[in-house]
Every structure is written in C-alpha cells, then in structure tokens.
Amino acid sequence: MKPDTDAMAPLNLGDLDLTTDEFILDEVDTIDKFSPLFLALSLPLSLSLSLSIPTFPPSLSLQRMEGMLSGFQSDLSSISSEIQTLQQQSVSMNMRLKNRQAVRSHLSQLVDELVVPGAMIQVILESPVTEQEFLEQLHELNNKINFAKELSFRETLACSDIQDIVDRLKIKAVTKIREFILQKIYSFRKPMTNYQIPQNTLLKYRFFYQFLLANERTVAKEIRDEYVDTMSKIYYSYFKSYSGRLLKVQYEEVADKDDLMGVEDTAKKGFFSKPSLKSRNTIFTLGQRGAVLSPAELEGPILIPHTAQRGDCRYPYETLFRSQHYALLDNGCREFLFLSDFFMVAGNSALDLFNSVMGKTLSLFLKSMSTYVSDCYDSIAVFLCIHIILRFRAITNKRTIPALDKYWDAVLELLWPRFELILEMNIQSIRNTDPQKLGVLDTRPHYITRRYAEFSSAIVSINQTFTSERTHTLLGQLQVEVENFVLKMAAEFPSRRDQLIFLINNYDMMLSVLMERAADDSKEVEGFQQLLQARSQEFIEEILSSPFGGMIAFVKESEALTEKGQLDRLKNDEARITQLVRGFSSTWKQSVEALSQDVMRSFTNFKNGTGIIQGALTQLIQYYHGFHKVLAQPTFRSLAVRSELINLHHLMVEVKKHKPNF
C-alpha cells in the first residue's frame, strides 16, 4: 500500500496563517496570547501538528526515512526562528501599549484641566459668594486659569479653545468678590458697629483676596486701599473720642511746678496762682496707685467713661493711661494679625500696612502725651506710665507682634526725660531749702523727710521689676541732699541731745517707710540703717553721761592707763572711787527709770525707743562690769568700798525689770 504523501508532508507554522491582524491590539489580553508563556504552553500543540510521524510499512526504504528526518530537522529550525520573531513582536507590542497608555494618561489630565464643567459655570454665575460650593469652584477656576497660563507659554493650541470662557468666568468671579468685600468694608462705617465681626467673616474668605491678587491686581489694590482708608478713620475717631472722655474722669487736683519736695507747707503763692493741693504729701505717696501695675489690673477691662461719670468716679492719670494704651495694645495686636493673614503680608510689608492703618491714631496719642508731659509735675504718675509701657512692650514681645515697638519707644522717649527733669527739680528744691523758713523747730520727723521717704520707697518698689540705673543714680543724688538737709535742720537745735533725737527720729521714719516697700538689701535701706545705728549709739552715750558720767569717765580713763601700764596713777583716788561706788548704788534705779521715761517721750516710734532703752541698759551693764574689773586690779584690791559694789548678776536681773514691753 502506497503511503499518503500529503499526510506525511511536514506542517509549516506559516500554513496556520498566524498574522498579527488576528490580535486585538488595544486590549491587554492580546499581550498575554503573544507572551512567551503562551508560546511555551502552545508549543506541544504545534509540535503535535508538525511532528506527527505516520507509520511506514516495513517495505519503506531507509533512504526514504533519512529524507523524512532531514525535512523534520529543517522544520524545527524554522519553528525556532518563528518563535524568536513572535517574542520580538510581543515585546514591541507591549512597548507600544505602554506608550499609548502613558499618552492617554497625559491627554486625559490635559483634557480634564482644559474642560470647563457646566457645574462650575453655573456656580460661579449664580451661587452667592458665601456658599461653600462657590469657594470650592473658585479654587478649581483658579487652577484652570493657572493651567491655561502655563499652556499659553508652551503655545498649546488647545488652550485657545477655553481661554474665552475662562476669562469670562474670571471677570464674573472678580466682580462678585469685589462687591462682597467692599460691602463688608463699608459695613465697618456704620455707627456702633463691632468691626471685629465683619473682620472675622473676611478671614473665613481670605482666599477671595488671594484670588484677586493673583488674577486682578487692580481690584486687589482698590480693596486694600479702601480698607486702609476706612479702618484708619475708624480707629482715629474711636480713640480720639475715647481719650477725650477719659480725661473727664481724671482727678481735678494735679501737681504743679510749686508742688516740690523741698517746698515748705507755709509758702505763699501769688494772688492769681491756683490753689495748691489740699495735701502736698499725696504727690509723693504711692498708696494704692501702684496696683495699676499688678497683672490683674494691667490687663483688666478698660474703663468705660460714661459709667465712671455716672458713678462720679475719679482716677489718677496713670489709670487713664493704662486703660487707653491697653485698648491700643488689644486693637493693635488684633489688627496686625488680621492684616498679615487677610492681605498675606509679612515683615516690613506688614509693618508698613499696619502703619498705614494705625499711623494717624498713634500720632494722636503721641501728640496728647507730649501735651500732658510738658505740664506734668507728678513724678510718680510719669514713672508709673513708664512701667506700664515697659510691661505692655513685654506683652507684645511675648505675642511676637512687633507692630507697636516703635510707638513704645517713642512714648518712652517722651516720658523718661520728663521724669528725670521732675526728679532733678525736687533735688534742687531740697538743696535750696532754708531751715529757718520751715517754721517752728520740732524733734519729730520733718514733713520733707517724710515726703522723701514715701517718694523714694515708691520709686524703689516700682523700679524692682524693670531696673533703671539712671533712676538709681538720681535717687542716690536725692538721698545725699536729704541727708544734708537733715543735718542742716539738726544744726538748728541748741543741744546735742535734741540734735540726736531729731536725727534718730528722721532716720528711723525714713528707714521704716523704705522697708515697707523696698528690699532689705537696697542701697537706701542700708544707708539709713548705718546712719541710724551710729546716731543711736551716740545718743545712748549722751543719755548715760548725765547720771553715770563720772563712772563712765573713770572706767575709760582706767582702761586707757591699764593699756599703758600706768594704773598706779589712780592709786590716790580712793575718795573719788568711794563716791562713784556709793553714788551708783543709791541712785541707779531712779536714774534708769528717769532715763526710760525720757527716751519714750523723745521718740515717736515706740519700737525704736524700746531699742534705744535696751541698748542703753546693755551699755550701762558693760560699763559697770568694766568698773568691777578695774576695782579688781591689785591697785584697788585693798579698798574697803569694794564690798559695797552691787553684784553684777543681781544688777542684770534688776535692770531687766526696767525694760519696757511694747
């Protein structure tokens, strides 16, 4: 039987007509069919088609078999090359697909950015600007405007298709935003309007101004100028009215050029001069005025003038100053933050914009301060105002708001020279004081020293938080003049005893007042402590010299001779010694009693008088102990009068009975 040659012919893959036209190139699974994995999986099927070997009859020759195997070998080579070709086509198609996908992604983004949705057009044209959807679509419109600008730089032709509609939407949005913001700014001008409420509303829509600044700078400048002009007038009008009303609740009695520390109370003024203060001492007393610096009052609510007038309340100038400037601080900080946030400015630009808004108001304040300072003679009021400003400046620094720094410096430049001038005038007034024109002499504390003590303690206590070396220097000069004045006044007394009483009373009074407010280690306190101690010791010697002067003189003389080894020179003073021993024993109790009463009558401060009495009794015991030691020397050991000496311990017990208890 003859074999079927058609059946035995080798199967060529080309006969399958596997062309690329049969593949769907725009679908991903096309790649899977032509992937190497597919080829690997489909290989057995191809081989089964091409390598099917028919059965040969036994009569087939070996030559025929050889030819068949050679054909089979060539078919295998052809399959290998076709597989390679298909792999290359697969890689190429995969690359083309990725490129098309990348192009599609970019084109999709481009189309999305270029297309203006109908919803956007409807919202921008019809929705109120206060709606959240308007704000959202405005953000989208801003993005499309920026994208269109970017494409126009690249000369993209598609940009021209949307430019017209984007421009018209921009004009509509700008118009609606302009009307909205200007309406809010105009609402500030209504009387009794709390402008902070519309300011907070504007902050919610701060993107509106950002949109205008990016797309229509002319309108943005118009809005900014309108805001500056409106708020500048509002602040100026408000603070001018408020400051004027505050002055109506100020104390009517204020210090003048004649109310100085060294001016005598009996001084007469000219016929046309205005009456002096009812009590000049109040000018130099701090009292409750220092409370204005406490945190509770410093940042407390501002004064309401009409409420104060209704209650017939009056306040010192520094209280009005605090209220006025705290209102300025609060409004200034709020305004600076609003300007920085809404108008998107920082650094010097923010400061310039702030000065455009608040400049007229700050100039009004400085002019008012200059007028007040030029005719002010209340140094405590000026000093309190200085420290109010120092504390307010610290508050603004803590809030990191530099807007008012230059104003604080300008106010301090007005206040410091005036304070120093008033202080120098007081120093000069004390220097020029004539003790003989100050009325009747009195050992009690003088009213001028009391003025100094109150004033110095006030300045020292205020100056503790923000220390000023210039202030310390001026206080030192004032203290020197007061010490000289006290010495000049003391010299008017005829007796040294009265002089010492006057000095001790004045030093003690000044020290007591200073210690109420100043620190114990302050220069003023230390200085008067030393003066008081020295004069008290001298007074103790003075009051002991009258009843016990003979014994004290003998003890001092004996101690001096003992140091020189010449005590024998007193060997023949037995009569003197006998008189001293018996005189002390018989009169010391009466003398101590009289001494105590005299001291308590002489000093206005009972505590100080008690201290002097205790010091005098202690000194007396020391002298009598010295008297014992002298008489115990070999030179006087044989004297019979030694047996009449009072026992030292017994004397100490008896002396304690005479110590006053206060």
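Residues numbered from 1 in each chain as written. Predicted model: local features only at pLDDT ≥ 70, side-chain atom pairs only at ≥ 80, totals over all residues. Heavy atoms only, no water.

Per an unreviewed UniProt entry, the protein chain goes by Vacuolar protein sorting-associated protein 52 homolog and derives from Oncorhynchus tshawytscha. According to its UniProt record, the protein chain has this under Subcellular location (unreviewed entry): "Golgi apparatus, trans-Golgi network". (UniProt positions renumbered as here; feature names shortened; annotations may be inferred.)

Student: Explanation requested: the overall build of the protein chain in the structure shown.
Tutor: Counting its secondary structure elements, the protein chain contains 23 helices and zero strands. Taking all 662 residues of the protein chain together, 42% fall into the buried category. Within the protein chain, contacts between residues separated by at least 24 positions form 78% of all contacts whose residues are at least 6 apart in sequence. (Helix = DSSP H or I, 4+ residues; strand = E, 2+ residues; numbered from the N terminus. Buried < 20%, exposed > 50% of the residue type's maximum accessible area, 1.4 Å probe, protein only. Contact = heavy atoms within 4.5 Å.)

Student: Looking at this structure, I do not really get a negative patch on the surface. What am I missing?
Tutor: Taken together, the side chains of Glu131, Glu133, Glu136 and Glu140 make up a negatively charged region of the molecular surface. Within the secondary structure layout, glutamate 140 lies in helix 6 (residues 132–153). The partly exposed category is assigned to glutamate 140, whose relative accessible area is 39%. (Patch = residues over 30% accessible without salt bridge, like charges linked within 9 Å, V, L, I, M, F, W, Y side chains within 5 Å. Areas by Shrake-Rupley, 256 points an atom, 1.4 Å probe, with all protein chains shown as cover. Salt bridge = Lys/Arg side-chain N within 4 Å of Asp/Glu carboxyl O. Lys, Arg positive; Asp, Glu negative; His and termini not counted. Charge placed at Lys NZ, Arg CZ, Asp CG, Glu CD.)

Student: Sorry if this is basic, but what is going on with helix 20 (residues 523–564) here?
Tutor: It helps to recall that an α-helix has 3.6 residues per turn; residues three or four apart then point in one direction. Its 42 residues place the ends of helix 20 only 42 Å apart at the C-alpha level, less than the 62 Å of an ideal helix rising 1.5 Å per residue. The largest bend in helix 20 amounts to roughly 100 degrees and is located at phenylalanine 548. Just beyond helix 20, the residue with positive phi is glycine 565, at close to 75 degrees. (Expected span 1.5 Å × (residues − 1). Bend = angle between axes of the 7 residues up to and from the residue.)

Student: Would you explain the packing of helix 15 (residues 379–398) against helix 17 (residues 447–462) in this entry?
Tutor: Any two packed helices are characterised by the angle at which their axes cross and by the distance between the axes. Across the interface, helix 15 lies against helix 17 with an axial gap of 11 Å and an inter-helix angle of 5 degrees. The orientation of helix 15 relative to helix 17 falls into the category roughly parallel. On helix 17, the residues that touch Ser379, Ile380, Phe383, Leu384, His387 and Arg391 of helix 15 are Phe455, Ala458, Ile459 and Ile462. Looking at side-chain class alone, the contact of helix 15 with helix 17 contains seven nonpolar, two polar and one charged residues. (Axes fitted to C-alpha atoms, helices over the stretch in contact; angles between N-to-C directions. Parallel < 35°, antiparallel > 145°, perpendicular 65-115°, else oblique. Nonpolar A, V, L, I, M, F, W, Y, C, P; charged D, E, K, R; others polar.)

Student: Would you mind showing me how to read the pattern of salt bridges here?
Tutor: When charged atoms on two side chains of opposite charge get close, those side chains can pair. Counting across every chain of the model gives 24 salt bridges. Glutamate 226 is the partner of arginine 189 in a salt bridge, and the nearest nitrogen-oxygen pair spans 2.4 Å. Placement of arginine 189 in the loop between helix 7 (159–187) and helix 8 (196–204) and of glutamate 226 in helix 10 (residues 217–247) is noted, with a sequence separation of 37 residues between them. Judged by its relative accessible area of 43%, arginine 189 falls in the partly exposed class. A residue is classified by how much of its surface remains accessible, and glutamate 226, at 21% relative accessible area, is partly exposed. Arginine 431 is the partner of glutamate 481 in a salt bridge, and the nearest nitrogen-oxygen pair spans 3.2 Å. Residue glutamate 481 is located in helix 18 (residues 469–490), and its partner arginine 431 is located in helix 16 (residues 405–431); the two are separated by 50 residues in the primary sequence. A relative accessible area of 14% places glutamate 481 in the buried class. Bridged by salt links that share partners, the residues Arg497, Asp498, Asp598 and Arg601 form one connected network.

Student: What is the right way to look at the layout of surface pockets in this model?
Tutor: To find the voids left in a structure, one rolls a probe of water-molecule size over its atoms. Reported here for the largest pocket is a volume of approximately 770 Å³. Forming the walls of the largest pocket are 26 residues, and the residues nearest its centre are Met192, Thr193, Tyr195, Ile234 and Tyr238. Sorting the residues of the lining of the largest pocket by element identifies helix 10, helix 12 (305–310) and helix 13 (317–342) as the ones contributing at least two each. Counting residues per element, the lining of the largest pocket draws most heavily on helix 10, at seven residues. When its residues are assigned to classes, the lining of the largest pocket shows 13 nonpolar, seven polar and six charged. (1 Å grid on protein atoms, 1.4 Å probe; cavity = no way out; pocket = protein on both sides within 12 Å on 5 of 7 lines; lining within 4 Å. Points joined across faces, edges and corners; volume = space filled by probe spheres on them.)

Student: Looking at this structure, how should I read the packing of helix 21 (residues 574–602) against helix 23 (residues 648–656)?
Tutor: Packing of helix 21 against helix 23 leaves a shortest axis separation of 11 Å and a crossing angle of 20 degrees. Considering the angle they form, helix 21 stands roughly parallel to helix 23. Considering the relative orientation of helix 21 and helix 23, their crossing is right-handed. Residue-level contacts link Phe584, Trp588 and Lys589 of helix 21 to Leu651, Glu654 and Val655 of helix 23. (Left-handed = near helix turned anticlockwise from the far one by under 90°.)

Student: Just checking my understanding: could you explain the state of the cysteines for this structure?
Tutor: Each disulfide consists of one covalent bond between the sulfur atoms belonging to two cysteines. Scanning the model with the defined rule gives zero disulfides in all. Of the cysteine sulfurs around cysteine 376, a residue in no disulfide, the closest is that of cysteine 385, at 7.8 Å. (Disulfide = S-S within 2.5 Å.)

Student: Looking at this structure, I do not really get the nonpolar core. What am I missing?
Tutor: In a soluble, globular protein the nonpolar side chains are often hidden away together inside. The biggest cluster of nonpolar side chains holds 172 residues, and the ones touching the most others in it are Ile181, Phe208, Leu478 and Phe627. Among the elements that line this core, the one with the most residues is helix 20, at 13 residues. Membership of the second largest hydrophobic core comes to six residues, among which are Tyr242, Val249, Ala308 and Leu320. (Core = buried A, V, L, I, M, F, W, Y, C linked by side-chain atoms within 4.5 Å.)

Student: Can you walk me through the packing of aromatic side chains in this structure?
Tutor: One pair of aromatic rings is described through two measures. These are the centre distance and the angle between the planes. Within the structure shown, the criterion is met by 37 aromatic pairs. Taking the centre distance of 4.9 Å and the plane angle of 80 degrees together, the rings of tyrosine 209 and phenylalanine 343 count as edge-to-face. Placement of the pair is tyrosine 209 in helix 9 (residues 206–215) and phenylalanine 343 in the loop between helix 13 and helix 14 (347–374), with a sequence separation of 134 residues. The exposure classification of tyrosine 209 matches that of phenylalanine 343, with both residues buried. Pairing phenylalanine 284 with phenylalanine 455 gives two aromatic rings, centres 6.3 Å apart and planes at 85 degrees, and the pair type is edge-to-face. Here phenylalanine 284, found in the loop between helix 10 and helix 11 (295–298), pairs with phenylalanine 455, found in helix 17; they are 171 residues apart in sequence, far enough to count as distant. Judged by relative accessible area, which is 1%, phenylalanine 284 ranks as buried. Accessibility expressed as a relative area gives 0% for phenylalanine 455, which makes it buried. (Phe/Tyr/Trp six-rings, centres within 6.5 Å; stacked < 30°, edge-to-face > 60°.)

Student: Would you take a moment to explain the environment of glutamate 492 for this structure?
Tutor: As for its placement among the helices and strands, glutamate 492 is situated in the loop between helix 18 and helix 19 (496–517). The partly exposed category is assigned to glutamate 492, whose relative accessible area is 31%. Between the alpha carbons of glutamate 492 and glutamine 436 there is a distance of 8.0 Å; along the sequence they are 56 residues apart. Other than its neighbours up to four places away in sequence, glutamate 492 contacts Pro435, Gln436 and Leu441.

Student: When you look at the side chain of threonine 230 in this model, what are you seeing that I'm missing?
Tutor: Note that threonine 230 resides in helix 10. Ignoring any residue separated from it by four or fewer positions in sequence, one finds threonine 230 in contact with Ile185, Phe188 and Arg189.

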